[in-house]
Structures are given as C-alpha cells and as structure tokens.
Amino acid sequence: IQNFMYGELTDKKTIDKVRQTFDNYESNCFEVLLYKKNRTPVWLYMQVAPIRNENDKVVLFLCTFKDITVFKQPIEDETTRGWTKFARLTRALTNSRSTLQQLTPMNKTEVSHKHSRLAEALQLGSDILPQYKQEAPKTPPHIILHYCTFKTTWDWVILILTFYTAIMVPYNVSFKTKQNNLVWLVMDSVVDVIFLVDIVLNFHTTFVGPGGEVISDPKLIRMNYLKTWFVIDLLSCLPYDIINAFENVDEGLSSLFSSLKVVRLLRLGRVARKLDHYLEYGAAVLVLLVCVFGLVAHWLACIWYSIGDYEVIDKATNSIKTDSWLYQLAISIGTPYRYNVSGSGQWEDGPSKHTLYISSLYFTMTSLTTIGFGNIAPTTDGEKIFSVAMMMVGCEYH
C-alpha cells in the first residue's frame, strides 16, 4: 500500500501491522481505512498471502481487497445530509446489494448469530467485521472441479491402475497368455470399467486454459478432451481380455487385439505430468528412479522373450534352432523342447512361462547394469542386435 493512500483517520497500529506482515512474509488480514485520489475515505478488508517458489522463498504477495464501507459509518454527501443514521445505512445497504452477495460468513457461528449481528450493525458499531472466505469458481451442476478432493483421489486410482496395465499388458502380449483364469479376467474387466468411467468423468471435468484460467464451459471441456486424450482413453478401455478369452477367436484377430492393448501404455504420459512436481524431493526421485528402472527392465524382458520365441522354431523347416537362447536354457534346466508329443504336429514342452519370464528379467537386469555373467547369452543376429541396444540404454541410464 502506498503512503499517499493513508489519511488522518487511518489507524497507525493497522499501518504497522501491514508493514510487519510484508517484512516477515506472513499471511494476514486487516480492516483498514484508505483514501482515494480525491481524498474520499473507503473501508477495505485486506487479505495478504505470500507466494513461494519451489525453493520455499517468497517471490511475491497476493493481496485481495473487498469494499466493506457498507458495514461502517456511512459517509455523508449532499444527497444524504440531514438524514438519520438508520436512513443512511438503509440507503447504503440497498445500493450495495451486489457487494453483500460476495461477503459470506466463514463458519456456522456467524450464521447462527445473524440476528444479533444485524442488531449490532443497526447500532453502527465500528467494531463489526464480517467474516469472509475465498469463493470457488462457479460451475454448472454436472461439472467437476479438476482440483476437488474427489477428482484428486480418482486421479490417483487411475494412476495406480495405469502402472498395473504398464506391467501386465507387455507380459500378456509377449507371452500370449489367454485370460482363462477367472480371477484375472474379472480383475482386468473391472479395470476396463474404471477406465470407461474415467472417460465419462473427463467429459465433465474442468481444465486450466492457456491463460491460467479455469475452464468450466461444458462445450469447451468436451472439445478439449476430444482433441487430446479421448482416442487413447477409448482404445485403453476396450475389453481385449474378454475377447481373447473365447477359444473360437481367430488367432490373427486375437493377436491384433493383444497388440492394441499396448496403446494403454500411452497413458503413462499422464503419469509423468502428475509426478513432475514430486521431482524436487530427493527421496521421491530415488523411489521414482527405482520404479522406472524396474519398469524398463520388465519391458525389455518381454521383448527379449518375444525375440527368442520367434526365432527358436524355424517355421520353414519346422525344426528347432539349437543356437537360440531359449533352446540353450531348456537344455540347461532339463526341460527340453519335444516334437509332436501330444500329436499336435508342433514343438511342445520346454521351460514354463514363469521360468522364461524370470530368466528374461534376469538377463535384462544384468545387461542394464553392465554386469552380464554370461550364463544367458545372445547367439543369433537378432538377439545380438537387441543386446547391443539394451546395453546402450543401460549406459544412458547410468
């Protein structure tokens, strides 16, 4: 506040409190009498809030002012000279109805003492100060504020389920697992339903516009969502696992549905945006790096197994390649591949999927950390190329 706004009736103690609030970087509120340029006095309710940066340093102050002259001694002018105090107050209250609608009590005590407050106001006491609270943006009944408690909790649920899909989708696609297990099928179906509900909520959730304002117009919200995440979210919630659970589904169509499930991984872009403001904390960064390392190793393990599974059988001659890492693993643990054991005319047996996944994850972990014991090693050209790329990723990570 500039000194020229103070006048002869401005309380000196209030001036000192205002100066002390700014000097000590505090949050406070005052009732202060200031003067306009034409020296007209006006009562203001002043709120001061310090704004801090990521280093917890105050970079600016947010000051809000509300005119509360209507609750103070009305100022005499030529039109009201000779009026009684009650008449002047009635005129001020009538002309300032819009101001009254913006001033709301903070607590229930203020509401319960409404009549006594009115009686005191009619006595024109100078110590009457209404309570205020910051008003939330007005939105249509069916629009949800993106920062409300419900939406924040819901976003964390979606974030956890996104991590779940980031782990399970690559595994199911690479190892070609049909969800015949009823528990997993029900769980994946519940995830699909939650993602579908999330689409509906996103059509009714506010967002921050380019200028930093909260956009609550339903038409703008829908247009913004359709242009950004709608297609990805729609592909993410389709029930691919239920379709693949049917035994009569064509193998090519089933593979297509399984491949489309990878689209769900694009939802990790939202996760990166939500976790960005946690990067200023050392412990959070450490935990995040461990999770990212484990997730990358998991993805690479799925790809490593897919390469071996594709190359272990020579489809042209229907013979097994003895130089594949899958064949070498099967021999070393005593579960070799056998041909036409059940009369299907195909190669069967071999290591279990759990053993194959653990072995794949073991190899990718040792490669990313540049340890590499050599008990699982690439032998074919495709395996060697992938191993080189994986070691480059490991060097970049370190």
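Coordinates for the structure precede this section.
Residues numbered from 1 in each chain as written. Predicted model: local features only at pLDDT ≥ 70, side-chain atom pairs only at ≥ 80, totals over all residues. Heavy atoms only, no water.

(A) Seen up close, the sheet that holds strand 3 (residues 58-67). Spatially, three strands are ordered 1-2-3 in an open sheet, and the strand pairing comes out antiparallel. Taken across any chain shown, the strands that pair with only one partner, and hence form the sheet edges, are strand 1 (28-35) and strand 3. On average, adjacent strands in this sheet sit at an angle of 30° to one another, irrespective of strand direction. Judged from the eight bridges that link them, strand 1 and strand 2 (residues 41-52) form a sheet pairing that is antiparallel. Within strand 2, the position partnered with Y35 by the bridge is P41. Sheet contacts for helix 1 (residues 12-23): strand 1, strand 2 and strand 3; angle to strand 1, the most-contacted strand, approximately 130°. (Pairing = 2+ DSSP bridges. Helix = DSSP H or I, 4+ residues; strand = E, 2+ residues; numbered from the N terminus. Axes fitted to C-alpha atoms, helices over the stretch in contact; angles between N-to-C directions. Contact = heavy atoms within 4.5 Å.)

(B) Local environment of the pattern of salt bridges. Taken as a whole, this structure holds four salt bridges when the rule is applied. The salt bridge involving D16 is made with R19; its shortest N-O contact spans 3.4 Å. With D16 and R19 both in helix 1 and three residues apart, the pair spans about one turn of that helix. The partner of D56 in a salt bridge is R52, with the nearest N and O atoms 3.9 Å apart. Judged by its relative accessible area of 42%, R52 falls in the partly exposed class. (Salt bridge = Lys/Arg side-chain N within 4 Å of Asp/Glu carboxyl O. Buried < 20%, exposed > 50% of the residue type's maximum accessible area, 1.4 Å probe, protein only.)

(C) Representation of the packing of aromatic side chains in the model. Applying the stated criterion across every chain, the model contains 13 aromatic pairs. Judged by centre distance (6.1 Å) and plane angle (70°), the ring pair of F175 and Y357 falls under edge-to-face. Taken together, the residues span a long stretch of sequence, with F175 in helix 6 (residues 149-175) and Y357 in helix 15 (residues 353-368) at a distance of 182 residues. Summarising the burial analysis for this pair, F175 and Y357 share the class buried. Taking 6.1 Å as the distance between ring centres and 20° as the angle between the ring planes, the aromatic pair formed by W304 and F386 counts as stacked. A residue pair is termed long-range when its members are at least 10 positions apart, and W304 in helix 13 (residues 282-311) and F386 in helix 16 (residues 381-397) qualify at 82 residues. Given the relative accessible area of 12%, F386 is considered buried. Taken together, the ring pairs in this structure connect Y171, F175, Y305 and Y357 into an aromatic cluster. (Phe/Tyr/Trp six-rings, centres within 6.5 Å; stacked < 30°, edge-to-face > 60°.)

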